[in-house]
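# Fold and geometry: a report
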Amino acid sequence: MAKGKRDTFLLVLLCGNVVMLLAGVVLAPETGAGDRKDLSSMLQWLWGLVLNMSSAVVLAMVVNLLLLLRLVYTRRKNKLKEQTVYVNKDVACYKTSSQDILPPHLRIFYGTQTGTAKHFAELLHTAAQDRGLTSGVKDLAKVTDPEDTFTEEMEAGFVCVFILSTYTDGQPPEGAAWVCRWLEESSTDFRVSKTLLGKLKYAVFGLGSSEYGDNFNMASRKLEQWLQTLGAQEVFPRGEGDQNVAGSRHGSLEQDFAVWSDELLGAVISCESQEGCCKQESTESCQCKGNDSRQGEDEEVQYESSSEDGSLSDDDDSLVDVEDLGAVMNKMKQAKQRQVEEEAARGGLRKITVKKKGGEPKEMITPALKKALEKQGYRLIGSHSGVKLCRWTKSMLRGRGGCYKHTFYGIESHRCMETTPSLACANKCVFCWRHHTNPVGTEWRWKMDDPQAILDGAMKNHYNLIKQFKGVPGVKPERLAEAMDVQHCALSLVGEPIMYPQINTFVQLLHSHRISSFLVTNAQFPDAIRNMDPVTQLYVSVDASTKDSLKKIDRPLFRDFWPRFLDSLKALSEKGQRTVYRLTLVKAWNVDEIENYAQLVEIGKPDFIEVKGVTYCGESKASNLSMANIPWHEEVVNFVQQLADQLPAYEIAAEHEHSNCVLLANTKFKKGSEWWTWIDYQKFHQLIADYTDSGGDKMFSAEDYMAKTPSWAVFGSREQGFDPQETRWYRKNRKDISGC
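Residues numbered from 1 in each chain as written. Predicted model: local features only at pLDDT ≥ 70, side-chain atom pairs only at ≥ 80, totals over all residues. Heavy atoms only, no water.

## Regarding the overall build of the protein chain
Going by this rule: Secondary structure counts use DSSP, requiring at least four H or I residues in a row for a helix and at least two E residues in a row for a strand, with both numbered from the N terminus. For this analysis, residues touch if any pair of their heavy atoms sits within 4.5 Å. Reported accessibility uses the Shrake-Rupley method at a 1.4 Å probe radius. Residues are deemed covered only where the shown protein chains occlude them.
For the protein chain, the helix and strand inventory stands at 21 helices and 23 strands. Within the protein chain, contacts between residues separated by at least 24 positions form 74% of all contacts whose residues are at least 6 apart in sequence. For the protein chain, the computed accessible surface area is about 35,800 Å², with 52% contributed by carbon and sulfur atoms.

Printed below as a string of structure tokens:
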């Protein structure tokens, strides 16, 4: 209830109770105490009067007393609040003459896609309460009437803190889209007053990644612009959190927010407890300087002007003393330098500091990232690598079947290690089964670990995970023993392995241990593909066939993602060893682009094309995929058949029904009526050894190490790609859970 209405209500209630009290006195029966001249007889008369009154009148007396005390307390409190209020502005505290503004407390609004902004809002809420400030948290998705909401906050005198992440193409999260659209339309509508939010005091913190160039924190920057256009008053400079640890000011997104929020709360509190001239009766133009203890320190002095070029506002009536001119100019230079650095981080000059204060590059794995990945079952190695046990490894340990690579290429799934030397990726695909917990990047900017140390750590952690299955019911002892001798390595766990600058050395180490290599890349690093030494099988993910659909599905960081994509396919065609296109079908997204896919096949000329239906990995706030986007196996087969009709040099060779995956192969791997898609791993290791010993002179081709595909793996077989030597496992409801 508003202050004025509350006071009126209390007065009316008090007057009503007074009337009831007087009526009770008049109507009360005579007590018979006629002589009331002395004090004693007077008190006796009053007591007798009370005893003869009705209980309602007595109650009215008690309520009257309580209301009177409440009214006096409220008036006294409001009188204190009507005194001078201090509003923080950067590092200064300005005195205002407003009598309607309450002491600055926080109302925290957040707009989130993955939950990070919500988490930060809750952290700020807790920190504010710990410091004695009142605060509340509200999701922008629940703001149905922005004008009413912000008007209420203005009347209450709250400092509105907006924590907003940037989603695809610099847009705000879906939940915050309505509020942002209202602000944008209001700021550009000539019918809307530019002082609509004139009394709204705000602070903004943006979440994003500088890897997205100009789109870095675009949503928060636009939000601030719209608020300023509508007259809102900034009480603390906008903060920017950078998910890219190489570009982060403080080493991580979490630390960026921690520093900013701490300074924000300190500034809000200082405006309530500021010592000096602001606490004294003086003129309305009183302006306190910031904390002198910060002068001369290496920390950046926060200073912003209302104009874009950093100059002082033209309508600023305040005068600068000549003695203070040096400090003012110093602040302006620092503000200008900060602006240049921010523009560089957004992609203009690409000036990003990658070293710590001590001169060492930053580590890719931050504490928060480590916690998230370990929660998902990853074993982290060094500062940028990881290993995890594949579910098909667990399945084959029990004799319940292998993965599609076992069906298509003859690997032993229980002897395969899934790892990566780089957790970072250049895409944020909508179907990412890591739910975007891994870092992103467009080039290597982190501390780099030795490839031998990565391999040793990967094998050690992998074997430790395998050992945990000793004694587990259903695990075959002979399979467990074989699993302690890794034969294959799938470099497709997470991230972009080819980003690791020493990827060639790492692969050579694998081969020296007679471990085959299956390397997957997302087709954004064509030069790295060309410079890649021979691997057992080189993959390129082809998630879409047009520029628009690739942007929609992969959400790449590179602005020139499409030329990079096409150039990567060309680079793949130049490789002499086995090459693969990996197509992930997302229903209603990319299943109708068959002709375009056929054109891409002509560019890269892969040996094989794996077409797999997207796997639903549960709800993710970073993606809006649902079960409706998952194609049935029959739909995948139908797509592959249509694609094969447009590719004369390719035929359907194999399928793995349980993985919802079908293999198209170049007919050069077909001898007569028999398919030879499997790999002769012993022959490969001999060929790669000869290649290494000759310094790269003895080159070899994919046909040199192919092996015959067993009949059960061939497309059209009764087994549909399930190895008959394995045992298919069913629950009571006959649901096939092999591989689980």
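## Observations regarding the packing of helix α5 (residues 146-156) against helix α6 (residues 177-188)
We apply this condition: The convention used is that axes are lines fitted to C-alpha atoms, helices contributing only their stretch in contact, and that angles between N-to-C directions extend from 0 to 180 degrees. Working definition: roughly parallel below 35 degrees, roughly antiparallel above 145 degrees, roughly perpendicular at 65 to 115 degrees, and oblique for all remaining angles. Charged means Asp, Glu, Lys or Arg here, nonpolar means Ala, Val, Leu, Ile, Met, Phe, Trp, Tyr, Cys or Pro, and polar covers whatever is left, Gly included.
Put simply, α5 and α6 touch, their axes get as near as 10 Å, and they point 85° apart. It follows from the interaxial angle that α5 and α6 lie roughly perpendicular. For the pair formed by α5 and α6, the contact residues are Pro146, Glu147 and Phe150 on the first element and Trp178, Val179, Trp182 and Leu183 on the second. Looking at the contact of α5 with α6 residue by residue, the class counts come to six nonpolar, no polar and one charged.

## Considerations on the packing of aromatic side chains
What counts here: Note on ring pairs: Phe, Tyr and Trp rings are taken, using the six-membered ring of Trp, and paired if centres are within 6.5 Å. Classes follow the plane angle, with under 30 degrees stacked, over 60 edge-to-face and the rest tilted. Between buried and exposed lies partly exposed: a residue is buried under 20% and exposed over 50% of the maximum accessible area for its type, with that area taken using a 1.4 Å probe on protein chains only. Any Lys NZ or Arg CZ that is within 6 Å of a ring centre and within 35 degrees of that ring's normal is treated as a charge sitting over the ring.
This model, assessed by the stated rule, comprises 23 aromatic pairs. Considering the side-chain rings of phenylalanine 608 and phenylalanine 669, the 4.5 Å spacing of their centres and the 35° angle between planes classify their relative orientation as tilted. Of this pair, phenylalanine 608 sits in strand β17 (residues 608-613) while phenylalanine 669 sits in the loop between β19 (661-666) and β20 (670-671), placing them 61 residues apart in sequence. Across the pair, phenylalanine 669 and phenylalanine 608 agree in class, each one buried. Ring centres of phenylalanine 684 and tyrosine 705 lie 5.2 Å apart, and the angle between their planes is 55°; on these two criteria the pair is classed as tilted. Placement of phenylalanine 684 in helix α21 (residues 681-693) and of tyrosine 705 in the loop between α21 and β23 (706-707) is noted, with a sequence separation of 21 residues between them. The pair formed by phenylalanine 684 and tyrosine 705 is uniform in burial state, with each residue classed as buried. Counting every residue linked through ring pairs, the aromatic cluster contains Phe120, Phe205, Phe236, Phe257 and Trp260. Lysine 388 extends its terminal NZ or CZ atom over the ring of tyrosine 378, reaching a point 4.9 Å from the ring centre. When the ring centre of phenylalanine 722 is taken as origin, the NZ or CZ atom of arginine 728, which lies over that ring, is 4.9 Å away.

## A look at α5
Applicable threshold: Working note: the arc is built from the helix axis to C-beta atom directions.
Every buried residue of α5 is accounted for by Pro146, Thr149, Phe150, Glu153 and Met154. The buried residues of α5 all sit within an arc of 135° when viewed along its axis, so they share a single face. Exposed and oriented more than 90 degrees from the buried face of α5 are Glu152 and Glu155. On the buried face of α5, the contacting elements are β3 (106-111), β5 (159-165) and α6. Remark: glycine 157 follows α5 within two positions and exhibits a positive phi of approximately 80°.

## Brief notes about the pattern of salt bridges
Heads up, the rule is: Every case where a carboxyl oxygen of Asp or Glu lies within 4 Å of a side-chain nitrogen of Lys or Arg is listed as a salt bridge.
A full pass over the atoms with the stated rule returns 22 salt bridges. We note a salt bridge from glutamate 153 to arginine 107, for which the minimum N-O separation is 3.1 Å. With glutamate 153 in helix α5 and arginine 107 in strand β3, the pair connects residues that are 46 residues apart, well separated along the chain. Classification of glutamate 153 as buried rests on a relative accessible area of 7%. With a shortest N-O distance of 3.3 Å, arginine 530 and glutamate 574 are connected by a salt bridge. Of the two residues, arginine 530 is situated in helix α16 (residues 526-530) and glutamate 574 in the loop between α18 (561-573) and β16 (578-585); the sequence distance between them amounts to 44 residues. On the accessibility criterion, glutamate 574 (52% relative accessible area) is exposed. Shared partners join several salt bridges into a network, and the residues in it are Asp527, Arg530, Asp567 and Glu574.

## Some points on the sheet that holds β16
Backbone hydrogen bonds are what pair the strands of a sheet, in a parallel or an antiparallel way. What counts is decided by this rule: Two strands pair if DSSP finds at least two bridges between them.
Across the sheet, 10 strands lie side by side as β10-β11-β12-β13-β14-β15-β16-β17-β19-β18; this open sheet has mixed pairing. Of all the strands in the sheet, the pair left with one neighbour each is β10 (379-381) and β18 (650-656). Within this sheet the neighbouring strands show an average axis-to-axis angle of 25°, counted without direction. Inspection of the sheet shows β17 paired to β19 by five bridges, in the antiparallel sense. Paired with phenylalanine 608 across the strands is alanine 665, a residue of β19. Running over the sheet, helix α13 (residues 451-467) touches β10, β11 (385-388) and β12 (416-420) and is turned about 160° from β10.

## Concerning the confidence of the model for the protein chain
Rules: Scored from 0 to 100, pLDDT reflects the predictor's confidence in each residue.
Residues with a pLDDT of 70 or more make up 69% of the protein chain, whose mean pLDDT is 78. Mean pLDDT across the elements of the protein chain ranges from a minimum in strand β9 (residues 287-288), with 36, to a maximum in strand β22 (residues 678-679), with 98. Between residues 275-326, whose pLDDT stays under 50, and residues either more than four places distant or in other chains, the model counts 66 contacts. Per-residue pLDDT stays below 50 along residues 343-355; that stretch engages in 44 contacts with residues further than four places along the chain or on separate chains.

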